[in-house]
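Letter by letter, the chains look like this.
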Amino acid sequence: MTHEAAGVPTTRNDEDRQDDVPQDSDEVQQNEAQPDAPEPAGPEDAEPRPEARLARAVQVAEQALIEFEIAVETFRVEVENFSRLHHQKLGPMYTRLDELDALIAEARAAKTGDPEDERKAREARAVVMPMPGVDELFHDWMDTDGLSPEAAAMLTEQPVRPPKRVRPSEEARRLYRELARKAHPDLAQDEVERQRRDEFIARVNAAYGRGDVELLKELVAEWEAGPVQPPAPLSESEELYARLEWLSRRKELLTVLAKELEDGAIGSMLRMAPDDPDQLLEDIAEQLLGEVSRREAELAEMTR
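Fair warning: this is a prediction, and the values are worked out from it, not measured in the lab.

Undergrad: Sorry if this is basic, but what is going on with the overall build of the chain here?
TA: Along its length, the chain carries 11 helices and 2 strands. If you list the helices and strands of the chain from N to C, you get α-α-α-α-α-β-β-α-α-α-α-α-α. Here the chain, with 304 residues, has 33% of them falling under the buried criterion. Relative to all contacts within the chain whose residues are 6 or more apart in sequence, the contacts with residues 24 or more apart total 72%.

Below, the structure is given as structure tokens:
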């Protein structure tokens, strides 16, 4: 195979073989004297600018941070909801158990007359709150208006509705993720836009925390109808590096928050039932009801 057939241009090393090449054509001589120059590279072949590669790295880091924030926020909502529901739904059961413990201690002290038993009875009575009625153990903690009596805190002069369950529905979670990815404040390129997104996401988080699917749908429509942000122009290298550093610091803070949530008492309980935390509440309630029944039987036996 000749060099020409292989697509290899003639080089200095080929000069010793030029006597073997026919010289009866000026075109041939010109081609040998001036090898074909490579065609100019098109725009698609050009090396990307360093700023372009850095901008792409910033975009990837932004999306990764947003996904991380979504994961942390969804877990934070579950921890907060579980804590509130645990207190509101199971609190009366714990109170009744305390009352039964006090009654049992008082009955024991009355039988024995032992000063130590009397001291324990006084201590048990000191920690008891007013005993709830039996109906409170089974009655839904939501009232007819859908509000808990404890929900007296106000947001924008409106009562805050407590969550209906630990984990919002799949539809609520889907809508929340969609809104968070589109309207996240970290995508803002100026302070005015960041403030607009901050205020909007705060409303999104509140709606998601309550599992309010209808409100989340309204927020989706509201965002879609709002101004569309143009693609962010490429920044100078120094600004892009600063942006990467900020994203890194933000991720470190979120990592600390995520660890605190996971290591907390409620987070640890949630890890026991990652697939169905609401069922975990039901299981705990069933165990507490069993404890109530056992203590009531013990008290009945002592007071015969």
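There is more to say, and it comes next.
Undergrad: How should the environment of A258 be read in this particular structure?
TA: Mapping A258 onto the fold places it in helix α9 (residues 237-263). A258 sits in the buried class, given a relative accessible area of 16%. Distance in space between the C-alpha atoms of A258 and V72 is 5.9 Å, their sequence separation being 186 residues.

Undergrad: Would you take a moment to explain the packing of aromatic side chains for this structure?
TA: Tallied over the full model, the rule gives 2 aromatic pairs. With a centroid separation of 4.5 Å and an interplanar angle of 20 degrees, the aromatic rings of Y176 and Y208 are classed as stacked. Of this pair, Y176 sits in helix α6 (residues 170-183) while Y208 sits in helix α7 (residues 191-209), and the two are 32 residues apart along the sequence. Just as Y176 is buried, Y208 falls in that class too. Measuring from ring centre to ring centre gives 5.0 Å for F200 and W223, while their planes differ by 40 degrees; the resulting arrangement is tilted. One end of the pair, F200, is in helix α7; the other, W223, is in helix α8 (residues 213-225), with 23 residues separating them in the sequence.

Undergrad: Can you help me understand the pattern of salt bridges in this one?
TA: Proximity of charged atoms lets side chains of opposite charge pair with each other. Within this structure, the stated rule accounts for 27 salt bridges. Between R174 and E178 there is a salt bridge, with its nearest N and O atoms 3.5 Å apart. You can see R174 and its partner E178 sitting in helix α6, 4 residues apart, about one turn around the helix. Residues K182 and E178 are paired through a salt bridge, measuring 3.3 Å at the closest nitrogen-oxygen approach. Residue K182 and its partner E178 are located together in helix α6, separated by 4 residues, close to a single helical turn. Salt bridges linked by common partners bring E171, R174, E178, K182 and E224 together as one network.

Undergrad: Just to check I follow, could you spell out the nonpolar core for this structure?
TA: Counting 31 residues, the largest nonpolar core has F82, L90, V166, L270, L281, I284 and L288 as the members making the most contacts within it. For this core, the elements supplying multiple residues, two or more each, are α3 (50-112), α9, α10 (265-272) and α11 (277-302). Among the nonpolar cores identified, the runner-up in size contains 19 residues, and A172, L179, I201 and A207 belong to it.

Undergrad: Would you explain a negative patch on the surface in this entry?
TA: A contiguous patch of negative charge, built from D190, E191, D198 and E199, is present on the exposed surface. If you trace the backbone, D190 turns up in the loop between α6 and α7.

Calculation rules
- Here the residue numbering is sequential within each chain, running from 1 through the sequence in written order.
- Predicted model: local features are reported for residues with pLDDT of at least 70 only, side-chain atom pairs are reported and counted for 80 or more only, and whole-chain, interface and lining totals are derived from all residues.
- Think of the side-chain values as coming from all heavy atoms in the structure, minus any hydrogens and water.
- Helix and strand labels come from DSSP, where a helix needs a run of H or I of at least four residues and a strand needs a run of E of at least two; each type is numbered from the N terminus.
- Each residue gets one of three labels from its accessible area relative to the maximum for its type: buried under 20%, exposed over 50%, partly exposed in between, using a 1.4 Å probe on protein chains only.
- Two residues qualify as a contact provided that any one of their heavy atoms is within 4.5 Å of a heavy atom in the partner residue.
- Classification of ring pairs rests on two measures: the distance between centres of Phe, Tyr or Trp rings, Trp counted by its six-membered ring, which must be within 6.5 Å, and the angle between planes, read as stacked under 30 degrees, edge-to-face over 60 and tilted in between.
- Whenever a carboxyl oxygen of Asp or Glu lies within 4 Å of a side-chain nitrogen of Lys or Arg, that contact is scored as a salt bridge.
- Side-chain atoms within 4.5 Å are what join buried Ala, Val, Leu, Ile, Met, Phe, Trp, Tyr and Cys residues into a set we call a nonpolar core.
- Any residue with relative accessible area above 30% and no salt bridge may belong to a patch, with like charges joined within 9 Å and the nonpolar Val, Leu, Ile, Met, Phe, Trp and Tyr side chains within 5 Å.
- Accessible areas in this description were obtained via Shrake-Rupley with a 1.4 Å probe; residue shielding takes into account the shown protein chains only.
- Positive charge is attributed to Lys and Arg, negative charge to Asp and Glu, and no charge count is given to His or to the chain ends.
- A single reference atom marks each charge: NZ on Lys, CZ on Arg, CG on Asp, CD on Glu.

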